[in-house]
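Examining the three-dimensional arrangement
Here are the chains, one letter per residue:
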Amino acid sequence: MLGGAGVLLGVSAGTAEAAEVAYATECIPPAISGLPPVQGTTKVEITAPAEAKVGDEVEIVWKFVQAASKNPDILDLDANTVQPTGTLKAAGAQTGDIALQGPRENPPIPKNSDMKLSDMKGKLKLTAPGEVTLTPDAYNINVNKPISTDTKCAPKEAVKQAATIKVTDGGGNSGGTTGGLPTVIPTLPTSVPTGLPTGSSSPSPTESETGGDDGGTGTGGGGGQTDFTGKEVQVPYECKTPIGDKNATSPVQIDARKSGENFDLTVQFKKSVMDSPADIPKDSVKPSMEVALGGADKGTVHVEGPTNSEAIKSGEPIEIPDLTGTYKPGASGESTLSPGVLTIEALGTTTTCTPARSEVSLTLDTTEQASGASGGGSAGGSGGGSAGGSSTSGGLAATGAEDHDALKALGLVAGTALLLGGAVFTFMPRRRTR
């Protein structure tokens, strides 16, 4: 039996009746998730008083025997993070929509397992004698962690009546046709904002600072030059994500500042930063990269950015810090630096992105240092995760299109924003990397 079965408030009611119905349902995941609609069967049990009088306000309970969709094979859901809301259709002697809502109470729900939804309750003020029928309609499943997302489920066939209340004329005061809880539940945007801000807040060295060097190459020798500006290159990434292989192209630039015989590197993802489409918790996203060395030198240099120091509210600009690290040359001569493998750790997920081809952003004249990079792995130790973290430069991940205004900049893994350094990936379901 249901705990909290339908009761009559204020006056005595007839015995509560519970009836189960099943109906074909289509569930639409959040548009930002990239997941397709889910076809399934909803089974619910509706409990309401068998008899009541005009003027009574009765409580109705919706129990989920089976939700139409499962938790996708992506993320485990924590306890008490899922909340259902829904609508019952009243017909017969009285018509209207009855709003119901359940508490945010659930056990931990592993990925690829049945959703466990709490019982929903709502109230109906009875206004006319006769039979009032109750029929389940659409419902919504909200998950509030790691960010708030909504899955909307609606019937795909005519639904059978689940309960009937026999209403007698008790001479009660007649009020409105329906009562109950508010039906407005905040949802995530289904499209990406336009009018994105452009440019980078990180100042690039002026011509006088760099000695007028152009074309993205630097010279580490005479003239006392210390700042070297790389050229912006379009890097096609092939990414391994928790939901499959994805492709994205991002404009990236590598700059360097000479420090003794070493170089402090800054990697920027250029173009735009978008407004956040949803709340992103503090310390939830951390990007890093292995800058690839070529020419005289070999190996990689680790650079990284700090996690977001503050929570980002929906609608606020996403400010992404530069990726920084130190390059200790392992060979003398002209050494090239190219954007390499990216790793994005976001809200418990890891995405690894490998360039489909190497694109040189910067060339430096280097002098071999003891324990330098040549032939080895990460050069010069750890990246400067907190250095240069005040920059708001970022990048907008592309999908191969030339027109940046047409780009979509949002990709979620089960509602998890994946930030590609300064870029936000657009994930393309069903497209596989070959």
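The structure we're discussing is the one just above.
Read on for a plain summary of the structure. Since this is a predicted model, take the numbers as computed values, not measurements.

**Section: the overall build of the chain**
- Scanning the chain from N- to C-terminus turns up 1 helix and 27 strands.
- Looking at the chain as a whole, 47% of its 434 residues are labelled buried.
- Residue pairs at least 24 apart in sequence account for 74% of intrachain contacts in the chain once pairs closer than 6 positions are excluded.
- Just so you have it, the chain exposes about 19000 Å², and 47% of that area is on carbon and sulfur atoms.

**As for the state of the cysteines**
- The full count for this structure, using the stated rule, is 2 disulfides.
- Paired through a disulfide, Cys-27 and Cys-153 show a sulfur-sulfur distance of 2.1 Å. With the S-S bond torsion at 115°, the cross-link from Cys-27 to Cys-153 turns out right-handed. Of the two residues, Cys-27 sits in strand β2 (residues 16-28) while Cys-153 sits in strand β12 (residues 149-155), which places them 126 residues apart along the sequence. Of the two residues examined, Cys-27 and Cys-153, each falls in the buried class.
- Two residues, Cys-239 and Cys-353, share a disulfide whose sulfurs are 2.2 Å apart. Since a negative S-S torsion denotes a left-handed disulfide, the Cys-239-Cys-353 link at about 115° is right-handed. With Cys-239 in strand β15 (residues 233-241) and Cys-353 in strand β22 (residues 349-355), the pair connects residues that are 114 residues apart, well separated along the chain. Across the pair, Cys-353 and Cys-239 agree in class, each one buried.

**Topic: the pairing of strand β10 (residues 120-125)**
- Only one face of β10 is buried, namely the one carrying Met-120, Gly-122 and Leu-124, since none of Lys-121, Lys-123 and Lys-125 on the opposite face is buried.
- Direction of pairing for strand β5 (residues 57-66) relative to β10: antiparallel, over a ladder of 6 bridges. Bridged to Trp-62 within β10 is Met-120.

**Points about the pairing of strand β13 (residues 163-168)**
- Only one face of β13 is buried, namely the one carrying Ala-163, Ile-165 and Val-167, since none of Thr-164, Lys-166 and Thr-168 on the opposite face is buried.
- Note that strand β4 (residues 51-53) and β13 share 3 bridges and pair parallel. Residue Glu-51 lies in a different strand from β13, and its bridge partner there is Lys-166.

**Focus: the nonpolar core**
- Ranked by internal contacts, the top residues of the largest apolar core, which has 37 residues, are Trp-62, Leu-134 and Tyr-139.
- Those elements giving two or more residues to this core turn out to be β2, β3 (38-49), β5, β7 (82-92), β8 (96-101), β10, β11 (130-143) and β13.
- Of all the elements, β11 adds the most residues to this core, at 5 residues.
- Ranked by size, the runner-up nonpolar core spans 30 residues in total, among them Val-267, Ile-280, Val-303 and Ile-344.

**A short note on the packing of aromatic side chains**
- For the structure shown, the criterion picks out 5 aromatic pairs.
- Where Trp-62 meets Phe-64, the ring centres are 5.6 Å apart and the plane angle is 45°; that geometry is what we call tilted. The pair Trp-62 / Phe-64 is uniform in exposure class, with both members buried.
- When the centroid spacing of 5.1 Å and the interplanar angle of 70° are considered together, the rings of Phe-64 and Tyr-139 count as edge-to-face.

**Section: unusual backbone geometry**
- The phi dihedral of Asp-283 falls on the positive side, at around 55°, and the residue is not glycine.
- As for its position among the elements, Asp-283 is in the loop between β17 (262-269) and β18 (285-295).

**Quick look at the environment of Ile-98**
- Here Ile-98 is to be found in strand β8.
- Its relative accessible area of 0% is what places Ile-98 among the buried residues.
- Taking the C-alpha atoms as reference points, Ile-98 and Lys-123, separated by 25 residues in sequence, lie 7.2 Å from one another.
- Discounting residues that sit within four places of it in the chain, Ile-98 has contacts with Ile-60, Gly-86, Thr-87, Leu-88, Ala-90, Lys-123, Leu-124 and Leu-134.

The rules behind the values
- Residues numbered from 1 in each chain as written.
- Predicted model: local features only at pLDDT ≥ 70, side-chain atom pairs only at ≥ 80, totals over all residues.
- Heavy atoms only, no water.
- Helix = DSSP H or I, 4+ residues; strand = E, 2+ residues; numbered from the N terminus.
- Buried < 20%, exposed > 50% of the residue type's maximum accessible area, 1.4 Å probe, protein only.
- Contact = heavy atoms within 4.5 Å.
- Areas by Shrake-Rupley, 256 points an atom, 1.4 Å probe, with all protein chains shown as cover.
- Disulfide = S-S within 2.5 Å.
- Pairing = 2+ DSSP bridges.
- Core = buried A, V, L, I, M, F, W, Y, C linked by side-chain atoms within 4.5 Å.
- Phe/Tyr/Trp six-rings, centres within 6.5 Å; stacked < 30°, edge-to-face > 60°.

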